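Now for the letters of each chain:
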Amino acid sequence: MARMRCRWPNSFLRWQDWSVQLERHSAVSGKFRRSINNATEPTLALRLTALSQWHVHQGFPDPASTSTVRKTMTGIARTHGRPKKKARALPIEDLERIVARLVNTGTLKAARDNALLQIGFFGGLRRSELVAIEVGHVGWTPEGIEIILPRSKTDQLGEGIIKAIPYSDGPCCPATALRSWLDAAGIMAGPVFRSISKWGAVANAALGVGSVNTILEDCATLVKLDYVPDLSSHSLRRGMATSAHRAGADFRDIKKQGGWRHDGTVQGYIEEASRFEENAAGSLLRTRVKPA
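Caption draft 1: Expanded view of the overall build of the protein chain. The secondary structure content of the protein chain amounts to 13 helices and five strands. Expressed as a percentage of the 292 residues in the protein chain, the buried residues total 39%. Summarising the internal contacts of the protein chain: among those between residues at least 6 apart in sequence, 58% fall at separations of at least 24. As displayed, the protein chain has an accessible area near 17200 Å², and 53% of this comes from carbon and sulfur atoms.

Caption draft 2: Quick look at the pairing of strand 2 (residues 144–149). Two elements, strand 1 (residues 138–140) and strand 2, share three bridges in a ladder whose sense is antiparallel. Bridge assignment links Trp140 to a residue of strand 2, and that residue is Ile145. The hairpin formed by strand 1 and strand 2 contains three residues between the paired strands.

Caption draft 3: Broad picture of the packing of helix 6 (residues 108–122) against helix 9 (residues 210–222). Where helix 6 contacts helix 9, the two axes come as close as 11 Å, and the packing angle between them is 110°. Judged by the inter-axis angle, helix 6 sits roughly perpendicular to helix 9. Contact residues: Arg112, Asp113, Leu116 and Leu117 in helix 6; Val212, Ile215, Leu216 and Cys219 in helix 9. For the contact of helix 6 with helix 9, the residue count by class is six nonpolar, no polar and two charged.

Caption draft 4: Highlighting the environment of Pro166. By the secondary structure assignment, Pro166 is in strand 3 (residues 161–166). Residue Pro166 is classed as exposed on the basis of its relative accessible area of 53%. In this structure Pro166 touches Glu143, Gly144 and Pro174, once residues within four positions along its chain are discounted.

Caption draft 5: A look at the state of the cysteines. Applying the stated criterion across every chain yields a total of zero disulfides. Distance from the sulfur of Cys172, which forms no disulfide, to the nearest cysteine sulfur (Cys173) is 8.9 Å. Residue class for Cys172 comes out buried when judged on its relative accessible area of 6%.

Caption draft 6: Summary view of the nonpolar core. Leu117, Ile119, Ile133, Leu178, Trp181 and Phe193 are the most contacted members of the largest nonpolar core, which totals 52 residues. For this core, the secondary structure elements donating two or more residues are helix 5 (92–105), helix 6, helix 7 (127–131), strand 2, helix 8 (174–185), helix 9, helix 10 (234–246) and helix 12 (263–273). Residue contacts for Ile119: discarding those within four places in its chain leaves Gly124, Leu125, Leu130, Ile133, Ile145, Ile147, Ile165, Pro174, Leu178 and Phe193. Grouped together as the second largest cluster of nonpolar side chains are six residues, Leu44, Leu48, Leu51 and Ala64 included.

Criteria and cut-off values
- Residues numbered from 1 in each chain as written.
- Predicted model: local features only at pLDDT ≥ 70, side-chain atom pairs only at ≥ 80, totals over all residues.
- Heavy atoms only, no water.
- Helix = DSSP H or I, 4+ residues; strand = E, 2+ residues; numbered from the N terminus.
- Buried < 20%, exposed > 50% of the residue type's maximum accessible area, 1.4 Å probe, protein only.
- Contact = heavy atoms within 4.5 Å.
- Areas by Shrake-Rupley, 256 points an atom, 1.4 Å probe, with all protein chains shown as cover.
- Pairing = 2+ DSSP bridges.
- Axes fitted to C-alpha atoms, helices over the stretch in contact; angles between N-to-C directions.
- Parallel < 35°, antiparallel > 145°, perpendicular 65-115°, else oblique.
- Nonpolar A, V, L, I, M, F, W, Y, C, P; charged D, E, K, R; others polar.
- Disulfide = S-S within 2.5 Å.
- Core = buried A, V, L, I, M, F, W, Y, C linked by side-chain atoms within 4.5 Å.

This is the structure in structure tokens:
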């Protein structure tokens, strides 16, 4: 949401360039829409949101809320709408391949990347939450680690959200990977995940949010995954949800771990994970036997 707000001023300037007098009328919005007809439907929606918010905050009637504008946007979506490109889920099996490779690499960078990917995956964390973790946010218990998120997309008031990640004896253990990274980097306080220079010096500042995508892509390339272009930081959260469902996790527990607000989002991930399990065609095919 914050990233979207950052783009509002630019969207509003486009409107301002087109209509200096800011006529507050839906017809003007329609003309504005036609003047930028090369923009995609999501871009138009973003610009209309910027226009709407500006008028609302100034105490003016919202020109984007009229039936004419809504019908126009619906028509655009029907005519020019395209499927949204979604990040592909990283299944736990492929995460385990990455982890095994990083552990064998044995470098400081590999230790950081291993901890970052495992914490991001099993914590169901957004990239902004992941890079904002500080040493003081992590609690160590006999069962695993508890990470306090001071602020999150679904916690705008800063009440704090706790993510619990248990210990594991399997191929992945986020808590162990995190401990190994902190010890190797000598980090006692401040940001957990930091950049590393080519000489092996660990920075004092936290990684930028864009670094999470780069790290995941580099690690996926390292083990030769064939869908690297479809990966993003969101692949970690999607991968946790789909892999957890396949492992028998409860809907409520998946939603809680990922911090999703809407049931529909989680249901979409579950349906993605069970496309071939709950499949009418599969039921038919399994009953058929080739003639002898």
